Amino acid sequence: MDLTDTPREREFRARLRRWLAGALPGLPPKPPATDWPARRAYDLGWQRMLHDAGYAHVHWDASPTTRLIFLEETERAGAPYVGANFVGLLHAGPTIAVEGTEAQRDRWLPPILRGDEVWCQGFSEPDAGSDLAALRTRAVRDGDDYVVTGSKIWTSHAEVADWCELLVRTDPAAPRHRGITWLALPMDAPGITVRPLRTLAGSAEFAQVFLDEVRVPVANRVGDENDGWRVTMVTLSFERGTAFAGEVVACRRVLRELAHEAHANGRWDDPVLRRALGGLDAEFRALWRLTQWNVSEAGTGASVGGSGRGGGGIPGVGGSVFKLRYSHARQRLYDTAAEVLGPAGRLDLDRPWTHDRLSSLSYTIAAGTSQIQRTIVAERILGLPKGR
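A quick note: this is a predicted structure, and the numbers were derived from the prediction, not measured.

**Student:** Any details on the overall build of the protein chain? Residues and values, ideally.
**Tutor:** Per the secondary structure count, the protein chain includes 11 helices and eight strands. Every one of the 388 residues in the protein chain was classed for burial, and the buried ones make up 53%. Summed over its atoms, the accessible surface of the protein chain is roughly 17,700 Å², and 53% of this surface lies on carbon and sulfur atoms.

**Student:** For helix H2 (residues 36–53), give the residues involved together with the corresponding values.
**Tutor:** Taking 1.5 Å per residue as the helical rise, H2 with its 18 residues ought to reach 26 Å, and the 25 Å between its terminal C-alpha atoms agrees with that figure. All of the buried residues along H2 are Trp36, Arg39, Arg40, Tyr42, Asp43, Leu44, Trp46, Gln47 and Leu50. On its buried face, H2 sits against helix H1 (7–23), helix H3 (64–76), helix H4 (86–99) and helix H5 (102–114). At the N-terminal boundary of H2, the capping side chain belongs to aspartate 35, with an oxygen 3.2 Å from the backbone nitrogen of alanine 38. Phi for glycine 54, located one or two positions after H2, is positive at around 90°.

**Student:** Could you give an account of the side chain of asparagine 220, naming the residues involved and the relevant values?
**Tutor:** Looking at the element boundaries, asparagine 220 is found in the loop between strand S7 (206–217) and strand S8 (221–222). If near-sequence neighbours (up to four positions away) are discounted, asparagine 220 is found in contact with Gln104, Trp108, Trp163, Trp182, Leu183, Ala184 and Pro186.

**Student:** Tell me about the pairing of S7, and name the residues and values.
**Tutor:** Pairing between strand S3 (residues 145–152) and S7: seven bridges, direction antiparallel. When the bridges of S7 are listed, valine 147 appears paired with arginine 215. Strand direction decides the pairing type here: strand S6 (residues 192–197) and S7, joined by six bridges, are antiparallel. Residue pairing for S7: isoleucine 192 is matched across the bridge by leucine 211.

Quick notes on the rules
- Residue positions within a chain follow its written sequence, with the count starting from 1.
- Two thresholds apply to this predicted model, a pLDDT of at least 70 for residue-level local features and 80 or more for giving and counting side-chain atom pairs, whereas whole-chain, interface and lining totals are computed over all residues.
- Where side-chain values are given, they derive from all heavy atoms of the structure, hydrogens and water being excluded.
- In DSSP terms, a helix is any run of H or I states spanning at least four residues, a strand is any run of E spanning at least two, and both are numbered starting from the N terminus.
- Throughout, exposure labels follow a simple rule: accessible area from a 1.4 Å probe, protein chains only, divided by the maximum for the residue type, with under 20% read as buried, over 50% as exposed, and the rest as partly exposed.
- For every accessible area listed, the method is Shrake-Rupley and the probe measures 1.4 Å; residues are considered covered only by the protein chains on display.
- Helix span, expected: 1.5 Å multiplied by one less than the number of residues in the helix.
- Contact definition: two residues touch when any of their heavy atoms are within 4.5 Å.
- Any pair of N or O atoms that falls within 3.5 Å is considered a polar contact. Within protein, one atom must be able to donate a hydrogen and the other to accept it, and sequence-neighbouring residues count only if both atoms are side-chain atoms.
- In this scheme, strands are said to pair when DSSP sees at least two bridges between them.

Structure follows, in structure tokens:
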């Protein structure tokens with residue numbers, strides 16, 4: 001893995017810096033975290049700017065080094081993150097690019113890149129917990145449609161989404177990991193009810209979705225019927241392997257800000273706090289190297305935007321190692337932020353660190369719990385026997 005900038009990549013970095021310097025001052029103020037319709041408009045407006053400037057493709061069809069340069073430079077400049085476009089750009093889009101038909105790629109990928117459509121993720125269910133294979137949302141074939149009944153929970157951005165990457169059970173008699181199918185669900189279809197869920201931080205980026213005999217065209221199936229578990233593993237590989245790359249860069253920036261704050265308020269004189277900050281610096285440096293490895297691995301073989309089904313561009317199980325370490329490191333980062341801020345700062349909801357600390361509590365659950373990641377590492381990397 002050689003991630004040294006080539007002359008072409010150095011030119012890309014310089015050109016991106018110039019564009020960011022000109023584009024960012026013209027952005028409108030960021031809407032409140034609780035106003036997701038306004039956040040959708042803001043996030044998609046930024047995505048459209050990236051598209052029009054020729055940078056929207058970077059997450060999919062660029063070399064690993066170019067992708068990392070983009071993440072480094074946009075975060076360094078304080079550019080908006082993908083926000084409401086997260087599921088489409090980093091989960092559903094790459095999955096459709098690898099597993100979808102040519103017609104599906106032509107229909108769904110350009111609107112994601114242009115910032116025209118938002119996707120949400122309909123995987124988890126109220127009675128399944130972390131056991132994704134226990135899903136019970138049912139899809140019954142009726143001519144050219146599937147009729148879907150059930151419910152999903154923790155559905156990211158459902159209240160502002162146009163499409164949902166939806167897992168359904170199409171063969172209830174099959175073993176748990178079989179009989180599952182991956183569908184693209186139009187969120188304006190009759191029979192869908194969205195109930196927002198307010199988080200500890202006060203925002204409502206998650207929802208419970210109820211599906212009452214919702215008709216989904218068979219043409220919206222990605223992959224074969226009853227092969228959804230394999231397609232889902234592709235989605236989760238992107239979610240755990242490369243989707244958090246930008247957040248690692250953001251955490252390293254937060255760490256630098258914490259050190260500056262500690263110098264300013266006198267907390268730097270505490271040797272225990274200094275050791276905690278130093279340990280976090282080492283942890284996030286290591287996580288960035290692991291990110292580079294995962295992004296490089298995802299960039300081998302066919303590009304994500306290519307037409308093959310051969311698995312090129314799909315991250316490997318190293319994503320589970322990353323997800324496990326990153327989730328806990330992020331929590332320690334914001335626990336340390338609370339120590340730097342002191343008692344008054346910990347209760348100041350106007351400080352972004354306070355909101356980030358509350359949201360960090362979910363990271364050991366979101367995108368696969370830490371227990372699930374430990375099982376994957378044990379079985380697929382260490383070769384340990386499966387638990388009963």
